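Observations on the three-dimensional arrangement
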Amino acid sequence: MFDAARLTLPNLPGVGYKPQHFSAILANAAPVGWLEIHAENYMGGGGRPLAQLRHLAERFAISVHGVGLSIGGEGPLDQDHLNRLKTLCDWLQPASFSEHLAWSTHDGAFLNDLLPLPYTADTLTTVCDHIDHVQTTLGRRMLLENPSSYLAFAETEMDEVTFLRAITRRTGCGLLLDVNNVYVSSINQQTDANAYIDAFPLDAVGEIHLGGHDEDIGDHGLPLLIDSHGAAIVNPVWALYVHTIARGGPKPTLIEWDNDVPDWPVLAAEAARAAAILEQVA
Amino acid sequence: MTQSSFAAALLNPDAATPANLIDPQGRPAPKRFSVYRNNVTSGLIRALEAGFPVIRKLVGPEFFAALALTHLRAHPPRSRIMMLYGDDFPAFLAGFPPVAHLPYLADVARLELAIRHSYHSADAAPIDPAALSVPEDRLLNSRLFLAPSLRLIRSPSPIHAIWQANTNNGPAPQPAAEDVVILRAGFEPAPHLLPPGGAAFLQAILAGRTLAEALAASPDGFDLTAVLALLLSTQSLTGITK
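Residues numbered from 1 in each chain as written. Chains lettered and ligands numbered in written order. Predicted model: local features only at pLDDT ≥ 70, side-chain atom pairs only at ≥ 80, totals over all residues.

Below, the discussion takes up the overall build of chain B. Looking only at helices and strands, chain B features eleven helices and six strands. Taking 18 Å as the expected radius of gyration for a compact globule of 242 residues, we find that chain B reaches 23 Å, considerably beyond that expectation. Projected onto the principal axes, the alpha-carbon positions of chain B cover approximately 85 × 35 × 25 Å. Burial status across chain B gives 38% buried among its 242 residues. Across chain B, the fraction of contacts at a sequence separation of at least 24, relative to all contacts at a separation of at least 6, is 59%. (Helix = DSSP H or I, 4+ residues; strand = E, 2+ residues; numbered from the N terminus. Rg over C-alpha atoms; globule rule 2.2 N^0.38 Å. Buried ≥ 20, exposed ≤ 12 C-beta atoms within 10 Å, placed from the backbone. Contact = placed C-beta atoms within 7 Å.)

Residues and elements named next belong to chain B. Pairing is antiparallel in the open sheet, where three strands are placed in the order S3-S4-S5. Bordering the open sheet on either side are strand S3 (151–155) and strand S5 (188–193), each of which pairs with just one other strand. Taken pair by pair, the neighbouring strands of this sheet meet at an average axis angle of 25°, ignoring direction. Looking at chain direction, S3 and strand S4 (residues 178–185) are connected through five bridges and run antiparallel. Residue pairing for S4: Ile-153 is matched across the bridge by Val-180. Where helix H6 (residues 105–119) meets the sheet, its contacts fall on S3, S4 and S5, and the angle it forms with S3 comes to roughly 175°. Contacting S3, S4 and S5, helix H8 (residues 159–167) crosses the sheet at an angle of about 55° to S4. (Pairing = 2+ DSSP bridges. Axes fitted to C-alpha atoms, helices over the stretch in contact; angles between N-to-C directions.)

Before going further, it helps to spend a moment on the domain arrangement of chain B. When the domains of chain B are assigned, the result is domain 1 (1–102) and domain 2 (122–242). A straight line from the C-alpha centre of domain 1 of chain B to that of domain 2 of chain B covers 37 Å. (Domains from an automatic or database assignment.)

The next subject is unusual backbone geometry. All names here are of chain A. Along the chain, Ala-30 connects to Pro-31 via a cis peptide bond; the corresponding omega equals 5°. With a phi angle near 60°, His-220 is a residue other than glycine that sits in the positive phi range. As for its position among the elements, His-220 is in the loop between strand S11 (213–217) and strand S12 (223–227). In this model, Asp-260 sits at a positive phi of 45°, which is unusual for a non-glycine residue. Position of Asp-260 among the secondary structure elements: in the loop between strand S13 (253–256) and helix H9 (264–281). Overall, the presence of 10 C-beta atoms within 10 Å leaves Asp-260 in the exposed class.

Attention now moves to the environment of Leu-231 of chain B. All names here are of chain B. Position of Leu-231 relative to the elements: it lies in helix H11 (residues 224–233). Separated by 223 residues in the primary sequence, Leu-231 and Ala-8 place their C-alpha atoms 48 Å from one another. Apart from residues lying up to four places away in sequence, Leu-231 is in contact with Ser-236 and Leu-237.

This paragraph deals with the interface of chain A and chain B. Between chain A and chain B, the residue contacts involve 40 residues of the former and 39 residues of the latter. Taken together, the elements giving at least two residues each to the side of chain A that touches chain B come down to helix H2 (48–57), strand S5 (103–106), strand S6 (109–115), strand S8 (152–153) and S12 of chain A. One ladder, built from two bridges, connects S8 of chain A with strand S1 (residues 21–22) of chain B; its direction is antiparallel. If you follow Ala-152 of chain A over to S1 of chain B, its bridge partner there is Ile-22 of chain B.

Let us look at the nonpolar core. It is characteristic of soluble globular proteins that their nonpolar side chains tend to be buried jointly. Within the largest apolar cluster, 131 residues are counted, with the highest numbers of intra-cluster contacts made by Leu-144, Val-179 and Leu-210 of chain A together with Val-108 and Ala-109 of chain B. Top element by residues in this core is H6 of chain B. It accounts for nine residues. Look past the residues within four positions of Val-179 of chain A in its chain and what remains in contact with it is Ile-208, His-209, Leu-210, Val-237, Leu-240, Tyr-241 and Thr-244 of chain A. (Core = buried A, V, L, I, M, F, W, Y, C linked by C-beta atoms within 7 Å.)

Turning our eyes to something else, we now look at the environment of Ala-275 of chain A. Residues and elements named next belong to chain A. Following the sequence through the fold, Ala-275 ends up in helix H9. Placed 244 residues apart in sequence, Ala-275 and Pro-31 show a C-alpha to C-alpha distance of 7.0 Å. The contact partners of Ala-275, leaving out residues within four places of it in the chain, are Leu-12, Pro-13 and Pro-31.

Before going further, it helps to examine the packing of helix H3 (residues 79–92) of chain A against helix H4 (residues 121–138) of chain A. Residue and element names in this part refer to chain A. Contact geometry for H3 and H4: axes closest at 10 Å, N-to-C directions at 40°. Comparing their axes, H4 and H3 come out oblique. Handedness of the crossing formed by H3 with H4: right-handed. Across the interface between the two elements, Leu-82, Leu-85, Lys-86 and Cys-89 of H3 pack against Val-134, Thr-137 and Leu-138 of H4. For the contact of H3 with H4, a count of residues per class yields five nonpolar, one polar and one charged. (Parallel < 35°, antiparallel > 145°, perpendicular 65-115°, else oblique. Left-handed = near helix turned anticlockwise from the far one by under 90°. Nonpolar A, V, L, I, M, F, W, Y, C, P; charged D, E, K, R; others polar.)

This part covers the environment of Tyr-150 of chain A. Locating Tyr-150 of chain A in the fold gives a position in the loop between strand S7 (143–145) and S8. We classify Tyr-150 of chain A as buried; it has 26 C-beta atoms within 10 Å. Expressed as a C-alpha distance, the spacing of Tyr-150 of chain A and Tyr-119 of chain A, which sit 31 residues apart in the sequence, is 15 Å. Each residue touching Tyr-150 of chain A, except ones within four places of it in the same chain, is listed here: Asn-188 and Leu-224 of chain A together with Arg-32, Val-35 and Tyr-36 of chain B.

Residues and elements named next belong to chain A. Strands sit in the order S1-S2-S3-S4-S7-S9-S10-S13 around a closed barrel of eight strands; the barrel is parallel. Ignoring which end each strand starts from, the neighbouring axes of this sheet average 30° apart. Two strands pair when backbone bridges link them, and strand S4 (residues 96–100) and S7 are joined in this way by three bridges, in the parallel orientation. Bridge pairing links Ser-98 to Leu-143 in S7. Set on the sheet, helix H6 (residues 179–189) makes contact with strand S9 (174–178) and strand S10 (205–211); between it and S10 the angle comes to about 60°.

Next comes the structure, spelled out in structure tokens:
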């Protein structure tokens, strides 16, 4: 049945879909209002993953989140992979498609991680060309996610917000603002997370990510936070989220928990906390 | 190129941290770089652990992690679809001297990989069993179509018994050559031990031979009824020519 509500992500909490939560979600998803999937996990020919996805897509707006396009790669995009993505988006008709400002393949090898790039005039051109290619192939506007970073590049010419702002202006793409990544990067790079949010083009943000991270100690005894998606969201990240929503208004907000995945009630409680913040602002 | 040196250093633990990577004060940042190195290797080890649980049980978790690390550094994934990562792991095991004393290992890995591929294979509607109720000469001249999720693995080792012993507490494996067919009734693929001649028969069917031709390729005493019953009961027969 056609349902216009499933064509856009609502300004509600969503969660990253895990198969072990299938029954719980169908029984009672509240306060979760939409689901996000990793595109690459649904590129098989069939079987249970696609059957579950078809079922969920009848009930929920779905966000397709890619982790393998390597938009920040120096080389050209993999046309075969882009075609697989188009096949998925064409039959699923998701409410949103997003990918990362990162690279993950080099010389034919897939490194299965979101790797950083320097922010220069040259990399800006490459990334914009890749986003144009994606948006043209898929026939839809995509969202680009800010990365978490652990180090800096000597050759970087501009800060991350300037770089992202230029990408949205040149390509017309939207942004996915990962608030945990902003916090992680701000500790690791010794920058001001609130100032990052204040400078960010929130009008272009179509989705927010919240997630957990691990704490470590880096070079020279400086704190080093590691984006793990494997823990509860910490209070400073919730505070930064409140600051973001107060400034930019309510946005679809994903609870991202990919490793050591908890039982449904734990995820639902994180979603309820996001829902309360969204309601205060709405 | 920036990404060449970055990528090379990710997979080579002896490579120096690329000099253009710095901390907030502009100093070299080897520990920060090692976060990426650890993410890449631990993520790929976890993927191999999830994909080859029986191999991990057979060699032990610590040895498996070392095996996986050696493999992934030499053969990083070529595909971005991690749920199917490990296509070249069986061949790696077959050629890796430290496991040469476990000659069945590579074929057990092929079996685990085939089960995973079967799980993600395309769906296909089974035929009505009544479609087989035709005169015998007509049936023998028919061609059968098998589900895309069907996989056939032939081995000189008792791979089915090894798999059962390590997943379902099956009895201790005895030396034997075993042919296994993976069949997916609904969404759960399961390996089935084939009777003698079963693999040759299925190979002929998969190659598009008629039932009569496939039977001619099978040894005396081959039990056609048993194999057809297995295919029907697992929804693995998806078509028959008229």
